[in-house]
Amino acid sequence: MIASNYKTSLLASLEHADMLQVNDEPILIVQAKTRFIPLADFKNLFEEAGQWVAKLNIKKLIFDKRSLKVFHQPSMQWYCTEWKEKMADQGLLVYRKLLPEDELFRHSVQVGRDAILRKFSHGKYKKLDIQYVEDMAAAIRN
């Protein structure tokens, strides 16, 4: 759910997620709406998000994963080591993430991040401003 004091515009509604722009600002929200996103669909989703990044000169991406119930490491690895690398070249340097309240999911994210840091130690993603927040208002504001 988007904080009520922020106006959003729906850019695209796809099978697994909606994409919204915040207050006509360079902020893109990718809001998952299913329990799991298969890798091919995940890649397609973020390829489309990348088109919005370029078109709207997006500087912050908020990935709202709160509806997800299944963590998928290959998707996370592709997202961090390939997609974010391309987006950094386009000026997208700020990421905010909202995770489900599921402790196992959160632990899986941390284990997955640690594995990526070990395996891909020289990626541009290490220089990005990536923060996990607990609500949409904080994601938009910070």
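No experiment lies behind these values; they were computed from the predicted model shown. (Residues numbered from 1 in each chain as written. Predicted model: local features only at pLDDT ≥ 70, side-chain atom pairs only at ≥ 80, totals over all residues. Heavy atoms only, no water.)

S.K.: Just checking my understanding: could you explain the packing of aromatic side chains for this structure?
M.R.: A ring pair, where both rings are aromatic, is described by two values, the distance of the centres and the angle of the planes. Per the stated rule, a full pass over the model turns up 11 aromatic pairs. Note on F42 and W78: the rings are 6.1 Å apart at their centroids and 80 degrees apart in plane angle, and the pair reads as edge-to-face. Here the residue F42 occupies a position in helix α1 (residues 39–56), and W78 occupies one in helix α2 (residues 73–89), the gap between them amounting to 36 residues. For the pair formed by F42 and W78, the shared burial category is buried. The interplanar angle of 70 degrees and the centroid separation of 5.0 Å between the aromatic rings of F46 and W83 together place this pair among those described as edge-to-face. Of this pair, F46 sits in helix α1 while W83 sits in helix α2, placing them 37 residues apart in sequence. Through a chain of ring-to-ring contacts, the aromatic side chains of F42, F46, F63, W78, Y79, W83 and Y95 assemble into a single cluster. One cation-aromatic arrangement involves K84 over Y95; the distance from NZ or CZ to the ring centre is 4.5 Å. (Phe/Tyr/Trp six-rings, centres within 6.5 Å; stacked < 30°, edge-to-face > 60°. Helix = DSSP H or I, 4+ residues; strand = E, 2+ residues; numbered from the N terminus. Buried < 20%, exposed > 50% of the residue type's maximum accessible area, 1.4 Å probe, protein only. Lys NZ or Arg CZ within 6 Å of the ring centre and 35° of its normal.)

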